[in-house]
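Per-entry structural report
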Amino acid sequence: MLLRVLEWFCRLVLGALFFFAGYTKLGSPFLFEMAVDTYQLLPPVGVIVVARSLPWLEIVLGMLLLRGWKLNYVATFTALLMGAFLLAMSITYARGIEANCGCFGFGEPISPQTLARDSLLFAFAVFLAIYAWRKNKVPAPE
Amino acid sequence: MRTIVSFLILFLLSSAPATAQTAPGGGNGACVGGEPGAPVRIEVFSDYQCPACRQFYLETMRPVLDNYASAGKVCVVYRELPLTMHAHAREAAHYAHAAQRLGMRYWRLVSDALYESQSQWSANGQLEPVVAGALSEEDMSRLRKWMEDPAVEAAILSDIALARERNVTATPTFFITAQGKTEKVSGVVQYSVLQRYLDHLLGQ
């Protein structure tokens, strides 16, 4: 019962946050391009491709999480994406680069707080993926 | 479940589309490039001893000054935010601000020299030869007079206070004001990426 409640909680939190994050970025695409660029990880073309596609991906993932459709696949992809975010943020922070997080809006620099928040969300996504796969597992024939 | 999802979507779609952080515009900084009435204003908080500020000035803001400010499309304001961890940043800010008093052409010469030779004077603390190398002897003696003027120190203190007021905690941080809206960006942005935003703001 507790795991089921936790599954719902993680799914709703992650779904709503992903949807919101994508939505805010779509409203200011050029600002998001600059936020991605401040990470200093990609050439200009890469910055534009990521900045223009990521918000749509977040919105779709958010809706799929909220709907709970094919949760094992969606949650796994969400965990991988959160892991990639976390890795990019950690590398940038470790390099001492002042960058915009670009997570839920603009003007928020990467800091221990943003890293802790994203680590928590990553943990939610990992739990959700593991739980969904376990739930979906077909029992082996005896 | 569907009701919850629909409610969330409706709630988010009905809210304002642009949720970018906005900051108050204004300030009394003079344009180091461009005219005060330009449709776009870029206000940069910078530290002459910070390597990221060097990169941002040389690779991004210099082309902006050449291609947008000289064409009257953008007003660029440079504000001093010498960080305490940089031993010579305050003195460099004094030179740059004193050069501004001579004229924006001189500010550009001094800023170019300071950023280009950053590693040199950061290591030995010898700023005067770097600045003197960029100016004529006559201009250098005029600059020395301005260096003694308390108005230069007061202007730097005013920039630092403004940075605090605007919650600027890192350099470079810049504010882009256009169409009555101000957006804050922290960090180094490549010229081609900033150029896309400027062209969008200028309707090109």
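All residue numbers refer to position in the chain's written sequence, counted from 1. Whichever chain is written first is A, and whichever ligand is written first is 1; the rest continue in order. Under the rules for a predicted model, residues below a pLDDT of 70 receive no local features and side-chain atom pairs below 80 are neither given nor counted, while totals for whole chains, interfaces and linings still include all residues. Heavy atoms from the whole structure form the basis of all side-chain values; hydrogens and water molecules are not counted.

Let us now look at the overall build of chain A. A run of H or I in DSSP becomes a helix once it reaches four residues, and a run of E becomes a strand once it reaches two; helices and strands are each numbered from the N terminus. Helices and strands together make up the secondary structure of chain A, namely five helices and zero strands. Counted from the first residue to the last, chain A has its helices and strands arranged as α-α-α-α-α. For every residue, the accessible area obtained with a 1.4 Å probe (protein chains only) is divided by the maximum for its type, and the residue is called buried under 20%, exposed over 50%, and partly exposed between those limits. Evaluated residue by residue, chain A yields a buried proportion of 47% over its 142 residues. Taking the intrachain contacts of chain A between residues at least 6 apart in sequence as the baseline, contacts between residues at least 24 apart amount to 69%. Working note: accessible area of chain A is about 7,000 Å², and carbon and sulfur atoms make up 74% of it. The convention is simple: Lys and Arg are positive, Asp and Glu are negative, and His and the chain ends are not counted. Charge positions come from single atoms, namely NZ of Lys, CZ of Arg, CG of Asp or CD of Glu. Computed over 11 positive and 8 negative side-chain charges, the separation of the two mean positions in chain A equals 11 Å. Whether two residues are in contact is decided by their heavy atoms, any of which lying within 4.5 Å being enough. Only the protein chains shown count as covering a residue, and every accessible area follows the Shrake-Rupley method with a 1.4 Å probe.

Here, the term disulfide refers to a pair of cysteine sulfur atoms separated by no more than 2.5 Å. Enumeration over the complete set of coordinates arrives at two disulfides over all chains. Here C101 of chain A engages in a disulfide with C103 of chain A; their sulfurs sit 1.6 Å apart. With the S-S dihedral at roughly -60°, the linkage between C101 of chain A and C103 of chain A falls on the left-handed side. According to the relative accessible area criterion, C101 of chain A is buried, its value standing at 5%. Residue classification places C103 of chain A among the buried positions, given a relative accessible area of 10%. The side chain of C31 of chain B participates in a disulfide bridge whose partner is C75 of chain B; the two sulfur atoms lie 2.1 Å from each other. Handedness here is read from the sign of the S-S torsion; for C31 of chain B and C75 of chain B, about -95°, the answer is left-handed. Within this pair, whereas C31 of chain B is found in the loop between α1 (2-14) and β1 (40-46), its partner C75 of chain B is found in strand β2 (residues 74-80), the two being separated by 44 residues in sequence.

Pairing of aromatic rings covers Phe, Tyr and Trp, the last counted by its six-membered ring, and requires centre-to-centre distances within 6.5 Å; plane angles under 30 degrees mean stacked, over 60 mean edge-to-face, and any other angle means tilted. Tallying each qualifying case throughout the model produces 11 aromatic pairs over all chains. Ring geometry for Y57 of chain B against W107 of chain B: centres 6.1 Å apart, planes inclined by 80°, an arrangement best described as edge-to-face. Here the residue Y57 of chain B occupies a position in helix α2 (residues 51-69), and W107 of chain B occupies one in helix α4 (residues 104-116), the gap between them amounting to 50 residues. Taken together, the ring pairs connect Y48, Y57, Y78, W107 and Y115 of chain B into an aromatic cluster. Geometry around W8 of chain A places R11 of chain A over its ring, the cationic atom sitting 5.0 Å from the centre. Two conditions define a charge sitting above a ring: the NZ of Lys or the CZ of Arg must be within 6 Å of the ring centre, and it must be within 35 degrees of the ring normal. Between R142 of chain B and the ring centre of Y106 of chain B, over which it is positioned, the NZ or CZ distance is 5.7 Å.

Let us look at the nonpolar core. By nonpolar core is meant a set of buried Ala, Val, Leu, Ile, Met, Phe, Trp, Tyr and Cys residues that side-chain atoms within 4.5 Å join together. Counting residues in each nonpolar core, the largest one holds 87 residues, and the members touching the most others are M34 of chain A together with I42, M61, V64, Y78, L114 and F174 of chain B. The element that contributes the greatest number of residues to this core is α2 of chain B, accounting for nine residues. The contacts of L114 of chain B, once residues within four sequence positions are left out, are Y48, A92, A96, W121, L127, V130 and V131 of chain B.

Turning to the sheet that holds strand β3 (residues 173-178) of chain B, a few remarks are in order. All names here are of chain B. Ordered by their spatial adjacency, four strands build an open sheet running β2-β1-β3-β4, and the pairing between neighbours is mixed. At either margin of the open sheet sits one strand with a lone partner, and together these are β2 and β4 (181-186). With strand direction ignored, the average angle separating the axes of adjacent strands in the sheet is 15°. To get an axis, a line is fitted to the C-alpha atoms, and for a helix only the part in contact is used. The angle between two axes follows their N-to-C directions and goes from 0 to 180 degrees. Together, β1, β2 and β3 form the strand contacts of α2, whose direction differs from that of β2 by roughly 150°. Strand pairing is defined by DSSP finding a minimum of two bridges between the two strands.

To continue, consider the pairing of β4 of chain B. All names here are of chain B. Across the six residues that make up β4, a large majority, five, are buried. With six bridges joining them, β3 and β4 adopt antiparallel strand pairing. Of the residues in β4, the one forming a bridge with I176 is E183. With antiparallel pairing between neighbouring strands as the criterion, β3 and β4 make up a hairpin whose turn holds two residues, including Q179 at a positive phi of roughly 50°.

It is worth spelling out helix α7 (residues 137-147) of chain B at this point. Residues and elements named next belong to chain B. Residues of α7 that are buried: D139, M140 and L143. Around the axis of α7, the buried residues are gathered within 100° of arc, so they sit on the same side. Exposed residues pointing more than 90 degrees away from the buried face of α7 are listed as E137, E138 and K145. Considering only its buried residues, α7 is in contact with α3 (89-102), α4 and α6 (128-134). Arc definition: it is the arc formed by the directions from the helix axis to the C-beta atoms.

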